[in-house]
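Observations on chain architecture
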Amino acid sequence: MTRPTRAEMNELAADREKSAARSAANAQSGREAAADPKLSDNTRKQAAAAAEFAARHAQDYREEAEALRDGRLPGEDA
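A quick note: this is a predicted structure, and the numbers were derived from the prediction, not measured.

Some words on the pattern of salt bridges
Evaluated as defined, the whole model comprises seven salt bridges. Taking the shortest distance from any N to any O, the salt bridge between R69 and E17 comes out at 2.9 Å. With R69 in helix α2 (residues 41–69) and E17 in helix α1 (residues 6–34), the pair connects residues that are 52 residues apart, well separated along the chain. What makes R69 partly exposed here is its relative accessible area of 37%. In this structure, D41 and R44 form a salt bridge, with 2.9 Å as the shortest nitrogen-oxygen distance. Here R44 and D41 lie together in helix α2, a separation of three residues that amounts to about one turn. What makes R44 partly exposed here is its relative accessible area of 24%. What emerges from the salt-bridge pattern is a single network uniting D15, R16 and E64.

This is the structure in structure tokens:
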């Protein structure tokens, strides 16, 4: 497998940023559902857990985008 070009890495970084934004929006939606008193306790607990996962995914995507913009593949040592 060949290493991606700088342009390809920038494209991948932009894609990761879009994924981060989508995950962040999902996390916000989950937090809102978790705080909704009209929902059952169980549904609110599930929404809170889902919000945590989505927030972690958003952070992971942001870190991957940063690595790609820096010319590194995600997971490579800095």
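There is more to say, and it comes next.
What to know about the environment of E66
Relative to the helices and strands, E66 is located in helix α2. Once the C-alpha coordinates of E66 and E17 are considered, the two residues, 49 residues apart in sequence, prove to be 9.1 Å apart.

Remarks on the packing of α1 against α2
Relative orientation of the contacting elements α1 and α2 amounts to 160 degrees, with a least axis distance of 7 Å. As summarised for this structure, α1 and α2 are arranged roughly antiparallel, according to the angle between their axes. For the pair α1 and α2, the crossing hand works out as left-handed. Residue composition of the contact of α1 with α2, grouped by class: 17 nonpolar, six polar and eight charged.

Reading guide: rules and limits
Residues numbered from 1 in each chain as written. Predicted model: local features only at pLDDT ≥ 70, side-chain atom pairs only at ≥ 80, totals over all residues. Heavy atoms only, no water. Salt bridge = Lys/Arg side-chain N within 4 Å of Asp/Glu carboxyl O. Helix = DSSP H or I, 4+ residues; strand = E, 2+ residues; numbered from the N terminus. Buried < 20%, exposed > 50% of the residue type's maximum accessible area, 1.4 Å probe, protein only. Axes fitted to C-alpha atoms, helices over the stretch in contact; angles between N-to-C directions. Parallel < 35°, antiparallel > 145°, perpendicular 65-115°, else oblique. Left-handed = near helix turned anticlockwise from the far one by under 90°. Nonpolar A, V, L, I, M, F, W, Y, C, P; charged D, E, K, R; others polar.

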